[in-house]
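What follows is the residue order along each chain.
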Amino acid sequence: ENHYTQPTEEDLWDAAVDGMIASLNDPYTSYFDYEEYTSYQSGFGENYVGVGVTVSFQNELVVIEAVKENGPADSAGILVNDIIVEVNGESVEGEGFYDIVGLITGEIDTDVTIGVFRQGVENVIQLTMTRSDIDNTTVSSTLFTTDDGKTIGYILVTTFGDKTSELFHNEIINLEEQGIDGLIVDLRNNGGGHLYTVYN
């Protein structure tokens, strides 16, 4: 209470938790505050309000991994491997991953301007888009027929989200009813998610 910086109780608790996490010396363990946790959880639904990109945090940079076809980001011209360096004219370099994600997501039908660095382009590219409701289906399936006439079911699981277990079960039943001879479950680029979804 008497320290000249007048820290808030929340700041002190956050610092204490950060210190405990750091003492574990484990790069895969992290602490989310309320806003970060809310942003993290929003990615596990079958839809969300945003611009339609999948991002990763590489060397403290937010990198575009995938762009939703015909989504706001796609229409604005964002490309895979673009690096997000500004949001609404403010630099986000050095900011936390979920802090940056929180700036990009927001209310539906509102605009956001994202500044990206693109290899081969000297200046930051400013792209404005309108946030919309993005379909974020975590499970999808299709059928393939091999050259020898076998029918192969294919299920893509992008995230272990809130409804993934139920959706996966439904897709399995649907494919089996079509008389598949084999099954491929594709987990490439799956960023993880709920542990209980995996063992359900």
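Let me sum up the structure you'll find in this document. (Residues numbered from 1 in each chain as written. Predicted model: local features only at pLDDT ≥ 70, side-chain atom pairs only at ≥ 80, totals over all residues. Heavy atoms only, no water.)

Moving on, we come to the pattern of salt bridges. Using the criterion set out here, one finds two salt bridges in the structure. Between R118 and D82 there is a salt bridge, with the nearest N and O atoms lying 2.7 Å from each other. You can see R118 sitting in the loop between β6 (111-117) and β7 (125-130) and its partner D82 sitting in the loop between α3 (72-76) and β4 (83-87), a full 36 residues away along the chain. Residue class for D82 comes out buried when judged on its relative accessible area of 1%. The salt bridge involving R188 is made with D186; its shortest N-O contact spans 2.7 Å. Given the relative accessible area of 61%, R188 is considered exposed. (Salt bridge = Lys/Arg side-chain N within 4 Å of Asp/Glu carboxyl O. Helix = DSSP H or I, 4+ residues; strand = E, 2+ residues; numbered from the N terminus. Buried < 20%, exposed > 50% of the residue type's maximum accessible area, 1.4 Å probe, protein only.)

Taken together, the side chains of L195, Y196, V198 and Y199 make up a nonpolar region of the molecular surface, amounting to roughly 470 Å² of accessible area. Mapped onto the elements of the fold, Y196 is located in helix α6 (residues 195-199). (Patch = residues over 30% accessible without salt bridge, like charges linked within 9 Å, V, L, I, M, F, W, Y side chains within 5 Å. Areas by Shrake-Rupley, 256 points an atom, 1.4 Å probe, with all protein chains shown as cover.)

In this structure, the largest pocket spans a volume of roughly 1400 Å³. What lines the largest pocket is a set of 40 residues, among which V53, T54, V55, N136 and T159 lie closest to the centre. Put simply, the parts of the chain that give the lining of the largest pocket at least two residues each are α2 (34-42), β1 (47-50), β2 (53-58), β3 (61-67), α4 (97-104) and β8 (132-135). If you tally residues by element for the lining of the largest pocket, the top one is β2, at five residues. Broken down by class, the residue content of the lining of the largest pocket amounts to 17 nonpolar, 17 polar and six charged. (1 Å grid on protein atoms, 1.4 Å probe; cavity = no way out; pocket = protein on both sides within 12 Å on 5 of 7 lines; lining within 4 Å. Points joined across faces, edges and corners; volume = space filled by probe spheres on them. Nonpolar A, V, L, I, M, F, W, Y, C, P; charged D, E, K, R; others polar.)

In the structure shown here, the tally under the stated rule is one cavity of 30 Å³ or more. Roughly 30 Å³ of volume is contained in the largest cavity.

Let's shift gears to a negative patch on the surface. A cluster of like negative charges, contributed by E10, D11, E35, E95 and D99, occupies part of the molecular surface. Considering the arrangement of structural elements, one finds E95 in the loop between β5 (90-91) and α4. Since its relative accessible area comes to 39%, E95 is described here as partly exposed. (Lys, Arg positive; Asp, Glu negative; His and termini not counted. Charge placed at Lys NZ, Arg CZ, Asp CG, Glu CD.)

The next point concerns the packing of aromatic side chains. Counting across every chain of the model gives four aromatic pairs. Measuring from centroid to centroid gives 5.4 Å for F57 and F97, while their planes differ by 50 degrees, and the two rings are tilted. Separated by 40 residues along the polypeptide, F57 in strand β2 and F97 in helix α4 bring together distant segments of the chain. According to the relative accessible area criterion, F57 is partly exposed, its value standing at 39%. (Phe/Tyr/Trp six-rings, centres within 6.5 Å; stacked < 30°, edge-to-face > 60°.)

Worth remembering: the numbers are spatial, not functional.
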